[in-house]
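Working through the structure, step by step
Single-letter residue listing:
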Amino acid sequence: MSRPDRYTCEETFRRLDDYLDRALGSAERALVEAHLATCEACASEYRFERGVLDTVRDRLAHLEVPASLKEKVRRALDSAREGER
Amino acid sequence: MDGAAGRLDELLDPVLAPAYAFALSLARNQADAEDLVQEAALLATRHFATYEQGSNFRSWFLRIVLNVFRGRLRTARRRPVPVELGDAPELFLYGKAAELGLLGSHPDPAAAILGRIDGETVTAAIAALPEGYREVAALAFVEELSYPEIAAMLGIPVGTVRSRLHRARHRLQQLLWSHAVERGLVATAVPEPTA
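Residues numbered from 1 in each chain as written. Chains lettered and ligands numbered in written order. Predicted model: local features only at pLDDT ≥ 70, side-chain atom pairs only at ≥ 80, totals over all residues.

1. Thoughts on the nonpolar core
Operational definition: Residues enter a nonpolar core if they are buried, belong to Ala, Val, Leu, Ile, Met, Phe, Trp, Tyr or Cys, and are joined to the set through C-beta atoms within 7 Å. In this scheme the burial state of a residue depends on its C-beta neighbours within 10 Å: 20 or more other such atoms mean buried, 12 or fewer mean exposed, and anything in between means partly exposed; the C-beta positions come from the backbone. We call two residues in contact whenever the C-beta atoms placed from their backbones are within 7 Å.
Grouped together as the largest cluster of nonpolar side chains are 67 residues, with contacts concentrated most on B:Ala19, B:Ala23, B:Val37, B:Ala40, B:Val65 and B:Ala137. If we ignore the near neighbours within four places in the chain, the residues touching B:Ala40 are B:Ala19, B:Phe61, B:Ile64, B:Val65 and B:Val68.

2. Quick look at the interface of chain B and chain A
Interface size is often expressed as the accessible area that is lost when the parts come together. So the rule is basically this: Under the scheme used here, helices are H or I runs from DSSP no shorter than 4 residues and strands are E runs no shorter than 2 residues, and both carry numbers assigned from the N terminus.
Taken together, the contact pairs 37 residues of chain B with 26 residues of chain A. Within the residue set of the side of chain B that touches chain A, elements represented by two or more residues are helix 1 (3-12), helix 2 (16-27), helix 3 (30-46), helix 5 (92-99), helix 6 (109-114), helix 7 (119-127), helix 8 (133-142) and helix 10 (158-182) of chain B. Counting residues per element, the side of chain B that touches chain A draws most heavily on helix 3 of chain B, which supplies eight residues.

3. Section: the packing of helix 2 of chain B against helix 7 of chain B
Residue and element names in this part refer to chain B. The criterion, for reference: Only the stretch in contact is used when a helix axis is fitted, and all axes are lines through C-alpha atoms; the angle between N-to-C directions ranges over 0 to 180 degrees. Orientation is classified from the angle alone, with under 35 degrees giving roughly parallel, over 145 giving roughly antiparallel, 65 to 115 giving roughly perpendicular, and any other angle giving oblique. The hand of a helix crossing depends on one turn: near helix anticlockwise from the far one by less than a right angle means left-handed, and clockwise means right-handed.
As a packed pair, helix 2 and helix 7 sit with axes 6 Å apart at the nearest point and diverge in direction by 45°. Classified by the interaxial angle, the pair formed by helix 2 and helix 7 is oblique. The chirality of how helix 2 crosses helix 7 is right-handed. Only Gly-119, Thr-123, Ile-126 and Ala-127 of helix 7 make contact with helix 2, whose side of the interface consists of Ala-21, Leu-24, Ser-25, Leu-26 and Ala-27.

4. Topic: the confidence of the model for chain A
Selection criterion: In predicted models, pLDDT denotes the confidence assigned by the predictor to each residue on a 0 to 100 scale.
A residue-level look at chain A finds 93% of positions with pLDDT of 70 or above and a mean pLDDT of 91. Taking the mean pLDDT of every element in chain A, the minimum, 83, falls on helix 5 (residues 67-84) of chain A and the maximum, 97, on helix 3 (residues 26-38) of chain A.

5. Some details on the packing of helix 8 of chain B against helix 9 (residues 147-154) of chain B
All names here are of chain B. How we decide: All amino acids are sorted into three groups, where Ala, Val, Leu, Ile, Met, Phe, Trp, Tyr, Cys and Pro are nonpolar, Asp, Glu, Lys and Arg are charged, and the leftover types, Gly among them, are polar.
Packing of helix 8 against helix 9 leaves a shortest axis separation of 10 Å and a crossing angle of 130°. By the criterion of interaxial angle, the relationship of helix 8 to helix 9 is oblique. With respect to the hand of their crossing, helix 8 and helix 9 are arranged in right-handed fashion. Residues Glu-135, Val-136, Leu-139 and Ala-140 of helix 8 form the contact with helix 9, whose participating residues are Ile-150, Met-153 and Leu-154. Looking at side-chain class alone, the contact of helix 8 with helix 9 contains six nonpolar, no polar and one charged residues.

6. Side note on unusual backbone geometry
The phi dihedral of A:Arg22 falls on the positive side, at around 55°, and the residue is not glycine. By the secondary structure assignment, A:Arg22 is in the loop between helix 2 (16-20) and helix 3. When the 10 C-beta atoms within 10 Å are taken as the criterion, A:Arg22 is described as exposed. If you check the backbone angles, B:Glu144 has positive phi at about 55° while not being a glycine. The residue B:Glu144 is located in the loop between helix 8 and helix 9 in this model. Since 13 C-beta atoms lie within 10 Å of it, B:Glu144 is described here as partly exposed.

7. Thoughts on the environment of B:Ala151
Residue and element names in this part refer to chain B. When you line up the elements, Ala-151 lands in helix 9. The partly exposed category is assigned to Ala-151, around which 19 C-beta atoms lie within 10 Å. Linking Ala-151 and Val-186, residues 35 residues apart in sequence, is a C-alpha distance of 35 Å. Ignoring any residue separated from it by four or fewer positions in sequence, one finds Ala-151 in contact with Ile-156, Pro-157, Val-158 and Val-161.

8. So, helix 5 of chain B
Our working definition: Arc, as used here, means the arc of the directions from the helix axis to the C-beta atoms.
Regarding helix 5 of chain B, the residues found buried are B:Leu93, B:Tyr94 and B:Ala97. Relative to the axis of helix 5 of chain B, the buried residues are bounded by an arc of 105° and lie together on one face. If you follow the buried residues of helix 5 of chain B, they end up packed against helix 4 (40-61) of chain A together with helix 6 and helix 10 of chain B. Just past helix 5 of chain B, the residue B:Gly101 takes up positive phi, approximately 70°.

9. Considering the confidence of the model for chain B
The pLDDT averaged across chain B works out to 87; a share of 88% of its residues lies at or above 70. Under the prediction, the complex receives an ipTM of 0.86, its pTM being 0.86.

Take a look at the structure:
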């Protein structure tokens, strides 16, 4: 059976999660990208999903460590070291 | 402070933030998240000799956080077996953007919906996922690990990671929406046209 030389919208959509997770092989990735380059409806969905994922990761990356946690960790390290002496 | 202790301090300082984000995504509240990281720091001090110098300390420390979390689940006599998540609708927030008339009219519809969301809202949404899904989502979103890396860390098949992460992401969109609406962080009505 020959490999497809292009993906339909449905075939692209089925691979969107894996594409977002950078989990597709190079051949599938190229076919998804070729479809996204020519289909504005699918590209719009992809851009939106990418935006949601980037926002989630950005917010997690910028979460501030509470001062109370820093203090707890400092105390934990101090007490562990005291116990070793 | 001796050399090893000083070295641990140096390594620990930059990973506290991701460790806290990871713990908050697992533990469902700030106090429990802080306790998880505190206990992990204590264990890291005791077992620092087992850390292979030059290897990925962040990964080593987050594994300790994960093990502490799992240990507490066992202590509470709760098995860390995931509840079935069911099929959450795909493109949930995209549908909301369409309802709000943001598609086509806004340069960045995702930002228009989630722009005001904060880190606590995101961790609360991840923490609301069932066990199993929560661990996979936290490792994928906080650590940006690949499917095989998550599978190795959790001791589950790659295919399970993949299906759980896909389902978790779809459900997460529903949870983000409801948390954000609850906190007044998103507009829930179609914006009035400007005169």
